[in-house]
Amino acid sequence: MAASERNPRTGHSGAERKRRKLVLAATAGTIALGGAAVVVPSAFAEDDPAASLLDGTTEILPVDDELLGLVDVGEVTELAESLTYADDADVLRVSGPDAGYVKVHFERLLLNTGDFVTVSSPDGAESYRYEESLVDQWATSITGDTAVVELHRESGGGSSALGVLIDKAAYGFTADEVDAIAEDRADEARPEESICEGDEKRSSVCYRTSYPTIVDHAEPVARLLIDGTVLCTAFRVGEENRLLTNHHCFTETQEAQNTEVWFGYDCVACGTDITNAPVKVRGAEVLATSKALDYTLFTVEDFERIEHFGFLELSDRPARSGEAIYIPQHPAGRPTEIAIESSVDGGNCVVKHEVYDGYVADSDISYYCDTEFGSSGSPVLSRDTHEVIALHHFGGCPNSGVNARLINEEIGHLI
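Residues numbered from 1 in each chain as written. Predicted model: local features only at pLDDT ≥ 70, side-chain atom pairs only at ≥ 80, totals over all residues. Heavy atoms only, no water.

Going by what an unreviewed UniProt entry lists, the protein chain is known as Serine protease and is assigned to Glycomyces tritici.

Looking at this structure, I do not really get the sheet that holds strand β23 (residues 351-356). What am I missing?
Through backbone hydrogen bonds, the strands of a sheet pair up, either in parallel or in antiparallel fashion. A sheet is described by the order of its strands in space; here eight strands give the open sequence β12-β20-β19-β25-β26-β27-β24-β23, paired in antiparallel fashion. The sheet terminates laterally at β12 (202-203) and β23, the two strands that pair on one side only. Both strand β19 (residues 325-329) and strand β25 (residues 379-382) contribute to a ladder of two bridges, which runs antiparallel. Counted as the bridge partner of I325 is S382 from β25. Its contacts with the sheet place helix α4 (residues 404-411) against β26 (388-394) and β27 (399-403), and it is angled at close to 30° to β27. (Pairing = 2+ DSSP bridges. Helix = DSSP H or I, 4+ residues; strand = E, 2+ residues; numbered from the N terminus. Contact = heavy atoms within 4.5 Å. Axes fitted to C-alpha atoms, helices over the stretch in contact; angles between N-to-C directions.)

Looking at this structure, I do not really get the state of the cysteines. What am I missing?
What we call a disulfide is simply a covalent bond connecting the sulfur atoms of a pair of cysteines. Counted under the stated rule, the structure contains three disulfides. Here C196 pairs with C397 through a disulfide, and the sulfurs are 2.1 Å apart. With the S-S bond torsion at -95°, the cross-link from C196 to C397 turns out left-handed. Taken together, the residues C196 in the loop between α1 (175-187) and β12 and C397 in the loop between β26 and β27 connect sequence positions 201 residues apart. Accessibility expressed as a relative area gives 4% for C196, which makes it buried. Here C232 is linked by a disulfide to C249, with a sulfur-sulfur distance of 2.1 Å. A torsion of -90° about the S-S bond marks the disulfide between C232 and C249 as left-handed. Taken together, the residues C232 in strand β14 (residues 230-236) and C249 in the loop between β15 (243-245) and α3 (253-257) connect sequence positions 17 residues apart. For the protein chain, numbering the cysteines in disulfides from first to last along the sequence yields the connectivity 1-6, 2-5, 3-4. (Disulfide = S-S within 2.5 Å. Buried < 20%, exposed > 50% of the residue type's maximum accessible area, 1.4 Å probe, protein only.)

Set out below in structure tokens:
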């Protein structure tokens, strides 16, 4: 759907929008949709401008896939590699020439008690250990073009049924190739573009001195690598093990478990491409998801490893037109960048429309803050309160995010 078809509340014209309808029962609770639990509210507060959002039936508006910003940043290659207890060798290398990262997939991992497998970089600087039996699961990615898989066992010899079988690997595009994809998308003359009159995002570290509080509130924001090749953004919400991203990024627990969540992925200094080593954890469980409000609430494994990055809070008030905002994000999978400035709005990023169409009428707010593919699931924060006032999900110039108040009313009890 073109951006001109996603209108602010004022001036709606049903004749101007071609819609496909999906009717959802507007009863409280959950319904099954594609194997995921979808939270459906019965009503919204009387003073909310979107109080009738899901009153009776809900009409899902058509959305152009280009608006969603999901782009592959790697390719998956089928393999037939193994390290079994019957083999003489205990090490194999999985390489993709000039790959930005290598991510191996375990078809099966069966080990004796006390044995384990590691997937590491050639220099050992990055290494991940697997001790439990696994079936159909991605290992954590290794930065660079080679992953070293090693079987560690207490005794030699044994059954060929035990060990690790690798049936495929994802090879990431180089940083230059990903940048070229971003540039190609930015150069396309189409209304769905998400960079609005020049890219004014900057690396978060560039704001450390001028906006230290804003940079602090970017720390709970994480990069997602989904199923080996797809990028999104997420953020910690609330003090517990809870993260929020878009429904269009993933919806089911199995997908969460095939998602890497990177915290602390930032540049070490303004103007350099050198990054801190991120803390990588795996998604664990989807707690709630909604097509209409385009959110997925999920948990991660090894929560204690990322707890120190802090958390954000969802606002319980309506956004205000003209309110100053900022968006910490991982555009095109790059280290954290923040959209604060907008020449379209005369300097600062601000709320353009406090009520705007998303997947359903009146669910969003709009803004001209710059975003790119990979930014889906980023928090839109108020510069006054540093609360999340929207969950970014669409490009379009104006770009838009789901009103956080609506999300909070649905799943606040889970956070």
